[in-house]
Amino acid sequence: MTDDLKKLIKIICDHGEEICESSRMAKLVRPYMELSEEYSRRGVTPYFSDVYAAYYRMNGPSGSSPEFKKTYFSYLERLRAGEDISYEEIAKGLYETEKKHQFSLITKMLATAKDDSPVYDAGVAQVLGVGVIGQGPFSEKLKRGEMLIEEMKRVLGELSKDEDFLSVVRIFDEVYYKNKFPFFAKCHFIFTVYVDGKKKKKSVAVFSEDTAEEEEGDK
């Protein structure tokens, strides 16, 4: 782990209870528990698709097109059926619908279907320090996405052996004792709450030691 990541993990560990017991965590976890159960039991039903699209903000004027969502959920159902579909194949298929590389949404799809697939979003990138897709042609973004997925797996693999961080995961499991989420999903929730709280500056749990100085300077 990098020194920056070690520092962030220490902050998260020092305030694990606040993060895991926060209302923000509940708003993230409870709908996802329902989604996971629906996907496992019934697959990609219309109800699942509607809730999933709302949860991941695929709707609205700036959201995904009907064609994109139709293709997206067809891949998700095929993954549930056990088909071995690669990130590259999914990315190329979705690119044909909107000419966009929706990397974050693809990782969320893969994470829904596979326990060993990490979610990528701004919060995860900020905590793990894995970078962003960046600009450029689709072919370059595709390669960059593959590299980011492997880098996330590597770093999360290190965290899975870190006893201090695992203590926060155990708190999460105590709060949401009925959850059956894989380790990568729990990391995503914990990182998201940390980053969201840091932005809003509403909880000591997400501030580093220099927060007081930052707030003083903001006045």
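Here, every reference points to the structure presented above.
Overview of the structure. (Residues numbered from 1 in each chain as written. Predicted model: local features only at pLDDT ≥ 70, side-chain atom pairs only at ≥ 80, totals over all residues. Heavy atoms only, no water.)

## What about the environment of Lys-153?
Thinking step 1. Structurally, the position occupied by Lys-153 is in helix α9 (residues 138–159).
Thinking step 2. Through-space distance from the C-alpha of Lys-153 to that of Pro-118 is 6.7 Å; in sequence the pair is 35 residues apart.
Thinking step 3. In this structure, Lys-153 is in contact with Asp-116, Pro-118 and Phe-184, ignoring residues within four places of it in sequence. (Helix = DSSP H or I, 4+ residues; strand = E, 2+ residues; numbered from the N terminus. Contact = heavy atoms within 4.5 Å.)

## Section: the packing of helix α1 (residues 3–14) against helix α10 (residues 163–175)
Thinking step 1. Direction vectors running N to C along α1 and α10 enclose 40°, while the axes themselves pass 9 Å from each other. Relative to α10, the element α1 is oriented oblique. For the pair α1 and α10, the sense of crossing is left-handed. In this structure, α1 uses Ile-9, Ile-12 and Cys-13 to contact α10, whose residues at the interface are Asp-164, Phe-165 and Val-168. (Axes fitted to C-alpha atoms, helices over the stretch in contact; angles between N-to-C directions. Parallel < 35°, antiparallel > 145°, perpendicular 65-115°, else oblique. Left-handed = near helix turned anticlockwise from the far one by under 90°.)

## Considerations on the nonpolar core
Thinking step 1. In terms of nonpolar packing, the biggest core is built from 68 residues, with Tyr-52, Leu-128, Phe-189 and Phe-191 touching the most fellow members.
Thinking step 2. If one sorts the elements of this core by residue count, helix α11 (residues 183–200) sits on top with 9 residues. (Core = buried A, V, L, I, M, F, W, Y, C linked by side-chain atoms within 4.5 Å. Buried < 20%, exposed > 50% of the residue type's maximum accessible area, 1.4 Å probe, protein only.)

## Section: the pattern of salt bridges
Thinking step 1. For the structure on display, the rule yields 13 salt bridges.
Thinking step 2. The closest approach of N and O atoms between Arg-80 and Glu-77, which form a salt bridge, is 3.9 Å. Here Arg-80 pairs with Glu-77, and both are found in helix α5 (residues 66–80), just 3 residues apart, close to one helical turn.
Thinking step 3. Judged by its relative accessible area of 33%, Arg-80 falls in the partly exposed class.
Thinking step 4. Here Glu-158 ties to Arg-154 by a salt bridge, and the two come within 2.7 Å at their closest N and O atoms. In this pair, Glu-158 and Arg-154 both sit in helix α9, 4 residues apart, roughly one turn of the helix.
Thinking step 5. Taking relative accessible area as the criterion, Glu-158 reaches 29% and is therefore assigned partly exposed. (Salt bridge = Lys/Arg side-chain N within 4 Å of Asp/Glu carboxyl O.)

## A look at the environment of Arg-57
Thinking step 1. Take Arg-57: it is sitting in the loop between α4 (46–55) and α5.
Thinking step 2. Along the backbone, Arg-57 and Leu-105 are 48 residues apart, and their C-alpha atoms lie at a distance of 9.8 Å.

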